[in-house]
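# Notes for the structure review
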Amino acid sequence: MKNVFAIGLTILIGSTVFGQIPTDNLHYYSMEEVKNASPDTVFAIDLEKEGLESLPQELQKFTALKGLKLTKNKLEELPQFFTSFKDLQFLYLNKNSFTFFPPQVFHLSELVYLDLSRNEIGSIPAGIKNLKQLKYLDVWDNRFTTIDDAFAELQQLEHIDFRGTTFSTTFVKQWTNNFPNTKIYFDKPCSCLD
């Protein structure tokens, strides 16, 4: 009986640990707060709700960033200097105006959490396969029509949110089968799209 209890407890603990959303415990600062700081001592910056159509040039000196919040702006693309944020782990690009998956993101090999929800992105290109550390991907409420097969290489993903777009039953079945160990969320599919 003790063995059965121990096995049950192990399964319960294992299932609780597996699939948890990565926790962002970083302390975020505004650009005003870090303007006189040494760039290598700043690990997280919050530029939420700034009405930004492009990123400020002074941001590029903070190459030690682990977290960056760009939620609720008007961004349509990212500057080339964005690829220098090699240590970035948490990136919030939700509620912007992206119509394509920003390719600069594919250079951020340490990324574990990416929120691109509530944009107007139409596809996930092959470059996504470079994000080998990614655990959490939120692309809720976009306009996906295509997802490159290379996306299936990211078997380390623990959470994918595709809700907000209606897909065909074939599409949902394909991607659910491609990620058997991932919590993947879809809205109810429509056979009318098959």
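Each remark here, short or long, concerns the structure printed above.
Residues numbered from 1 in each chain as written. Predicted model: local features only at pLDDT ≥ 70, side-chain atom pairs only at ≥ 80, totals over all residues. Heavy atoms only, no water.

## Here's the deal with the overall build of the protein
The test is simple: Segments assigned H or I by DSSP are reported as helices when at least four residues long, segments assigned E as strands when at least two residues long, and all are numbered from the N terminus. Buried means the residue's accessible area, taken with a 1.4 Å probe over protein chains only, is under 20% of the maximum for its type, while exposed means over 50%, and partly exposed covers the values in between. The Shrake-Rupley method, run with a 1.4 Å probe, gives the accessible areas here. Residue values count only the displayed protein chains as cover.
Secondary structure assignment for the protein yields 3 helices and 9 strands. Helices and strands in the protein line up, N terminus first, as α-α-β-β-β-β-β-β-β-β-α-β. Overall, the protein is about 60 × 50 × 25 Å in size when its C-alpha atoms are taken along their principal axes. Across the 194 residues that make up the protein, the buried fraction comes to 42%. Counting every atom, the protein has about 10,400 Å² of accessible surface; 51% of that belongs to carbon and sulfur.

## Some points on the pattern of salt bridges
What counts here: In what follows, salt bridge is the name for a side-chain nitrogen of Lys or Arg lying within 4 Å of a carboxyl oxygen of Asp or Glu.
Enumeration over the complete set of coordinates arrives at 4 salt bridges. Across the pair Glu153 and Lys132 runs a salt bridge, and its minimum N-O distance is 3.7 Å. Residue Glu153 is located in the loop between β7 (146–147) and β8 (159–161), and its partner Lys132 is located in the loop between β5 (123–124) and β6 (136–138); the two are separated by 21 residues in the primary sequence. Classification of Lys132 as partly exposed rests on a relative accessible area of 44%. Put simply, Arg163 and Asp161 hold a salt bridge, and the shortest N to O gap is 2.6 Å. Classification of Arg163 as partly exposed rests on a relative accessible area of 33%. Given a relative accessible area of 5%, Asp161 falls into the buried group.

## Some remarks on the nonpolar core
What counts, and what does not: Only buried residues count toward a nonpolar core, which is a set of Ala, Val, Leu, Ile, Met, Phe, Trp, Tyr and Cys residues joined through side-chain atoms within 4.5 Å. Only heavy atoms enter the contact rule, under which two residues are in contact if any of them lie within 4.5 Å.
Judged by nonpolar contacts, the single largest core of 49 residues is most densely connected at Leu59, Leu114, Phe151 and Phe162. Looking at this core, the element that brings in the most residues is helix α3 (residues 169–178), giving 3 residues. Excluding anything up to four places from it in sequence, Phe151 contacts Ile124, Ile128, Leu137, Leu157, Ile160, Phe162, Trp175 and Phe179. In this structure, Tyr28, Tyr92, Val112 and Tyr136 belong to the second largest nonpolar core, which totals 7 residues.

## Quick word on the sheet that holds strand β4 (residues 113–115)
Put simply, the rule is: Between any two strands, pairing holds if DSSP finds at least two bridges. Axis definition: a line fitted to C-alpha atoms, over the contacting stretch in the case of helices. Angles run 0 to 180 degrees between N-to-C directions.
Ordered in space as β1-β2-β3-β4-β6-β8-β9, the 7 strands form an open sheet in which the pairing is parallel. Taken across any chain shown, the strands that pair with only one partner, and hence form the sheet edges, are β1 (44–46) and β9 (183–185). Pairs of neighbouring strands in the sheet enclose a mean axial angle of 5°, with direction left out of account. By the bridge criterion, 3 bridges tie β1 to strand β2 (residues 67–69) in an arrangement that is parallel.

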